[in-house]
Amino acid sequence: MAQHAGSSGPPPISSHVAVTECGDVTNTRKGARLVEARLRGLLLGGLAGDSSAYHAFLKDLSAHLRAFLRKRLVNLPEEVEDLVQELLLAVHNQRHTYDPRQPITAWVYAIARYKLVDLLRRRSRKESLNDPLDEEDDLLATSDGEAAEARRDLAKLLADLPERQRAPIIHMKIEGLSVAETARLTGMSQSAVKVGVHRGLKALAAKIRSES
Amino acid sequence: MRTEELVSLLARGTEAVDPRWLARRYLIALSAGTAIATLLMSAWLGVRPTLLRDLSVPMFWAKEAFCAALGAAGLLAVARLARPGRRPGWVPMAVAAPVVAMWLLAAVALLTADPRDRSVLIFGQTAGVCPFRIALISTPLFVGIFWAIRGLAPTRLRLAGAAGGFAAGSLGALVYSLHCPELAAPFLGIWYVLGIAIPTAVGAWAGPRLLRW
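In this text the structure is predicted, and so the values were computed from the model without any measurement.

Criteria and thresholds
Residues numbered from 1 in each chain as written. Chains lettered and ligands numbered in written order. Predicted model: local features only at pLDDT ≥ 70, side-chain atom pairs only at ≥ 80, totals over all residues. Heavy atoms only, no water. Helix = DSSP H or I, 4+ residues; strand = E, 2+ residues; numbered from the N terminus. Buried < 20%, exposed > 50% of the residue type's maximum accessible area, 1.4 Å probe, protein only. Contact = heavy atoms within 4.5 Å. Areas by Shrake-Rupley, 256 points an atom, 1.4 Å probe, with all protein chains shown as cover. Salt bridge = Lys/Arg side-chain N within 4 Å of Asp/Glu carboxyl O. Phe/Tyr/Trp six-rings, centres within 6.5 Å; stacked < 30°, edge-to-face > 60°. Lys NZ or Arg CZ within 6 Å of the ring centre and 35° of its normal. Core = buried A, V, L, I, M, F, W, Y, C linked by side-chain atoms within 4.5 Å. Axes fitted to C-alpha atoms, helices over the stretch in contact; angles between N-to-C directions. Parallel < 35°, antiparallel > 145°, perpendicular 65-115°, else oblique. Left-handed = near helix turned anticlockwise from the far one by under 90°. Nonpolar A, V, L, I, M, F, W, Y, C, P; charged D, E, K, R; others polar. Polar contact = N/O pair within 3.5 Å; in protein donor to acceptor, adjacent residues only side chain to side chain.

Visitor: Lay out the overall build of chain A in plain terms, naming residues and giving numbers.
Guide: On a plain count of helices and strands, chain A comes out with 9 helices and 0 strands. The linear arrangement of helices and strands in chain A, starting from the amino end, is α-α-α-α-α-α-α-α-α. For chain A, the proportion of its 212 residues judged to be buried stands at 50%. In chain A, the share of contacts with a sequence separation of at least 24, taken over all contacts with a separation of at least 6, comes to 70%. Accessible surface computed for chain A: about 9,600 Å², of which carbon and sulfur atoms make up 52%.

Laid out in structure tokens, this is it:
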């Protein structure tokens, strides 16, 4: 079992459940089911426009992804945090593909597996794939709140985006301004601001893919 | 940028996702693709003059149902494979069922026919051109469906590409059937299936190249 407690703040509920019932597979499964229900609720809230639910979703998810990837990238530990960030961006950009009838585990696992295989193909180091990638139950059973330093600096990639994408992301997503305020500040229309954020985050994901 | 900052960035000011977005994208892709394919077919080959008379022939409806069922199976396959984490499930059965049914019909037709008529049942008058015409007419549908899949996130690219090509080919065959005079089950079971197999193969080849994200 590869659980680590979070170093700052209270550990996510999920890791708490898994730690207290460590070693008992049935209870770990039960824990994963609880996490599944919780994450699903948070994501559905986020999809309906509740940004604090969405924040909690991404935060919890990043801990699960980290634990999942640390276990699978034992030979490439320096890649873990970069891949966590790439996955968060992918989950965000593809959030419209989540089908509410579908378990969230299956959806996240498919995205994580796709990006992980993609990374390993780029590194052409398939032998570093430690576990056979067929146990999606595992994904929400572990959690790791201890973020390592990412090697890739997203802020730098962000700065390289075209102005029509960069400015809306900086104002809305980093400074926290509203669409209307961003539109006034940049002289763009409100719909151009929204499109700029959307395309910018997709372009960011594409940059990550092409640079590594 | 630390992961925590990225989480805040992504979550801040997030807006509701329109649940009808997906349906709208498929609708645009399919209606534009079908419209252009139909235009292509009528400008290039023309709707067959005997079409109205054929409406009373049962085999005409069997042919239309065959293409429509394959098209529906293809679209179901696309709908599943274009999103992360959905398994093909019973889709292979839905794809196989119309083909098997057509082959059964073909076997009956061949067995009950006079041996001298069998080659006509198999080759008709257009066997040499039929598969290529179906493949060509399905091109606009192929483009539309691939565009729709690109807006989603397939994780099994070859399979998703093949499903897209298959759906495009089946709907292309449906459009082509308004021109095609052939009504014999053995003909349909061979040349139509071959015509649909071409865009399917192209889709399987193009999937890993065009659908990456």
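Visitor: Just give me the short version of the pattern of salt bridges, but keep the residues and values in it.
Guide: For the structure shown, the criterion picks out 15 salt bridges over all chains. For R70(A), the salt bridge goes to D144(A), with nearest N and O atoms at 2.5 Å. You can see R70(A) sitting in helix α3 (residues 51-72) and its partner D144(A) sitting in the loop between α5 (104-123) and α6 (154-159), a full 74 residues away along the chain. Taking the shortest distance from any N to any O, the salt bridge between R116(B) and D114(B) comes out at 3.1 Å. For R116(B), a relative accessible area of 69% corresponds to the exposed category. Here D114(B) falls in the partly exposed class, since its relative accessible area comes to 32%. Bridged by salt links that share partners, the residues D99(A), R101(A), R83(B) and R86(B) form one connected network.

Visitor: Run through the packing of aromatic side chains, naming residues and quoting values.
Guide: Residues and elements named next belong to chain B. In this structure the tally under the stated criterion is 8 aromatic pairs over all chains. Both rings, one in F123 and one in W191, keep their centres 6.0 Å apart while their planes meet at 40 degrees; by these two values the pair is tilted. Taken together, the residues F123 in helix α6 (residues 118-123) and W191 in helix α10 (residues 185-210) connect sequence positions 68 residues apart. Ring geometry for Y176 and Y192: centres 6.2 Å apart, planes at 45 degrees, overall tilted. On the criterion of sequence distance, the pair formed by Y176 in helix α9 (residues 157-176) and Y192 in helix α10 is long-range, its members being 16 residues apart. Positioned over the ring face of W147 is R25, at 4.0 Å from the centre of the ring. Taking NZ or CZ as reference, R133 lies 6.0 Å from the ring centre of W44, over its face.

Visitor: Describe in detail helix α1 (residues 3-11) of chain B, supporting the description with residues and values.
Guide: Of all the positions in α1(B), only T3(B), L6(B), V7(B), L9(B), L10(B) and A11(B) are classed as buried. Elements in contact with the buried residues of α1(B): α3, α4 (80-93), α6, α7 (163-174) and α9 (190-211) of chain A. Within two residues after α1(B), G13(B) carries a phi angle of roughly 60 degrees, on the positive side.

Visitor: Hey, could you go over the nonpolar core for me, with residue numbers and the actual values?
Guide: Membership of the largest hydrophobic core comes to 110 residues, with the highest contact counts inside it found for F57(A), L69(A), L73(A), I104(A) and Y192(B). Discounting chain neighbours no more than four positions away, the residues touching L69(A) are V80(A), L83(A), V84(A), L87(A) and L116(A).

Visitor: With reference to specific residues and values, describe the packing of α4(A) against α5(A).
Guide: Residue and element names in this part refer to chain A. At a closest axis distance of 10 Å, the pairing of α4 and α5 adopts a crossing angle of 130 degrees. Of the possible angle classes, the one that applies to α4 and α5 is oblique. For the pair α4 and α5, the crossing hand works out as right-handed. In contact with L83, E86, L87, A90 and V91 of α4, α5 contributes W107, I111, A112, K115, L116, L119 and R122. Across the contact of α4 with α5, the residue classes tally to 9 nonpolar, no polar and 3 charged.

Visitor: Give a description of the side chain of T97(A) that names residues and reports values.
Guide: Along the chain, T97(A) turns up in the loop between α4 and α5. Under the relative-accessibility criterion, T97(A) is labelled buried at 0%. Of the polar contacts made by the side chain of T97(A), one reaches the backbone oxygen of Q94(A); its length is 2.7 Å. Apart from residues lying up to four places away in sequence, T97(A) is in contact with Q102(A), W107(A), R83(B), P84(B), L152(B) and A153(B).

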